[in-house]
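Below, each chain spelled out in residue letters.
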Amino acid sequence: MNIVIFGPPGAGKGTQSKFIAQKYNLFQLSTGELLRKEIKNKTELGSKISSIINSGELVSDNIVSNLIEKFISNDIYKQRLIFDGYPRSLAQVRNLENLLNKYNQKIDLVLKLSVSLDTIKKRISERKTQEKRLDDSEEIAIKRFKTYEDSTEPVIDYYKKSNLLKFVNGETTISKINVEISDLIDSIKGWH
Ligand code: AMP
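Below: a short report on this structure. (Residues numbered from 1 in each chain as written. Predicted model: local features only at pLDDT ≥ 70, side-chain atom pairs only at ≥ 80, totals over all residues. Heavy atoms only, no water.)

1. A short note on the overall build of the chain
The condition is simple: Only DSSP runs of H or I reaching four residues or more are called helices, and only runs of E reaching two or more are called strands; each is numbered from the N terminus. Should any heavy atoms of two residues lie within 4.5 Å, those residues are considered in contact.
What the chain contains, in helices and strands, is eight helices and five strands. Along the chain, helices and strands appear, N-terminal first, in the series β-α-β-α-α-α-β-α-β-α-α-β-α. Projected onto its principal axes, the C-alpha positions of the chain cover 45 × 40 × 30 Å. In the chain, of all internal contacts separated by at least 6 residues, the share reaching a separation of at least 24 is 74%.

2. Observations concerning the site of the ligand
Short version of the rule: One heavy atom suffices: a residue is near a molecule or strand as soon as one of its heavy atoms comes within 4 Å of it. Think of a polar contact as two N or O atoms within 3.5 Å of one another; within protein, one of them needs to be a possible hydrogen donor and the other a possible acceptor, and neighboring residues in sequence only count if both atoms come from side chains. With residues, only the protein chains shown are counted as cover, and all accessible areas are computed by Shrake-Rupley using a 1.4 Å probe. The residue classification treats Ala, Val, Leu, Ile, Met, Phe, Trp, Tyr, Cys and Pro as nonpolar and Asp, Glu, Lys and Arg as charged. All others, Gly included, are polar.
Close to the ligand lie 16 residues; Thr 31, Arg 36, Glu 57, Gly 85 and Gln 92 are nearest. The separation between an oxygen atom of the ligand and a polar main-chain atom of Glu 57 is 2.5 Å. Here Val 59 contributes a backbone N or O atom positioned 3.1 Å from a nitrogen atom of the ligand. Here the ligand has 480 Å² of accessible area as a free molecule, and 96% of this is covered by the chains. No other element matches helix H2 (residues 31–40), which puts four residues into the shell around the ligand. In terms of residue class, the shell around the ligand is built from six nonpolar, four polar and six charged.

3. A word on unusual backbone geometry
Residues Tyr 86 and Pro 87 are joined by a peptide bond in cis, for which omega reads 0°. Assignment of secondary structure puts Pro 87 in the loop between strand E3 (81–84) and helix H5 (90–102). Of note, the phi angle at Asn 25 is positive, near 55°, even though the residue is not glycine. With respect to the element layout, Asn 25 can be found in the loop between helix H1 (13–24) and strand E2 (27–30).

4. A few points about H5
Spelled out, the test is: For a helix, the expected span equals 1.5 Å multiplied by the number of residues minus one. Per-residue accessibility, obtained with a 1.4 Å probe over protein chains only, is compared with the maximum for each type, and a residue is labelled buried under 20%, exposed over 50%, and partly exposed between these values. Here the arc refers to the directions that run from the helix axis out to each C-beta atom.
Given a rise of 1.5 Å per residue, 13 residues ought to cover 18 Å, and the 18 Å separating the end C-alpha atoms of H5 matches this to within 8%. Of the residues making up H5, those classed as buried are Gln 92, Val 93, Leu 96, Leu 99 and Leu 100. For H5, the arc enclosing every buried residue in end-on projection is 130°, short of the 170-degree limit, so these residues lie on one face. Among the exposed residues of H5, those oriented more than 90 degrees off its buried face are Arg 94, Asn 98, Asn 101 and Lys 102. In this structure, the buried residues of H5 make contact with strand E1 (3–6), helix H4 (61–72), E3 and helix H7 (138–160). Looking one or two places after H5, you find Asn 104, whose phi comes out positive at around 60°.

5. Points about helix H3 (residues 44–55)
Residues of H3 that are buried include every one of Gly 46, Ile 49 and Ile 53, and no others. Mapping the buried residues of H3 onto a view down its axis gives an arc of 85°, with all of them on the same face. Exposed residues lying more than 90 degrees from the buried face of H3 are Glu 44, Ser 47, Lys 48 and Ser 51. At its buried positions, H3 is contacted by H2 and H4. At the C-terminal side of H3, Gly 56 shows a positive phi close to 85°.

Below, the structure is given as structure tokens:
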């Protein structure tokens, strides 16, 4: 099963993706984490993208597409991916469709975690203390929320037209969200 998970920054995409990956033996493909790893490892790509990430803007489509193709093309992960942070724009939706077609795969479920801006601000200030993400200042969090609304909300409208999209209330507790997502996954028959 391939899953796409959406939600504004601080919605709990990463936490929920890790949980689903473990429970259903899937692989969490977090483009944000892959990009942060490049910065941490001081690679050439990392130095190119660090200012973009720290300003809350999106990295170029090509860079992210090359990163995800490595996983989509690898048989180990075939039909076992959770896309956490991709696609983030309509151009990326088209690119993902092309890549999945190329490697004979498809999306089975699209999850959207809905959370208010107030909750996001609160969560991000907590996460900043725990994880020290440079893009987690309140100002950048608001910028990332805005980028999400401008670029990613149209993507959700696109998936609304398919029957793959399911909404999850991201305002409740981590464990309640776990249960809601598990129920949605379990309700998809015949994917094992
Ligand atoms: P995230 O961890 O998903 O919140 O991503 C952190 C940052 O990485 C984003 O604010 C973007 O700068 C960059 N990023 C992650 N995924 C993408 C993507 N699909 N396209 C472009 N930039 C991305």
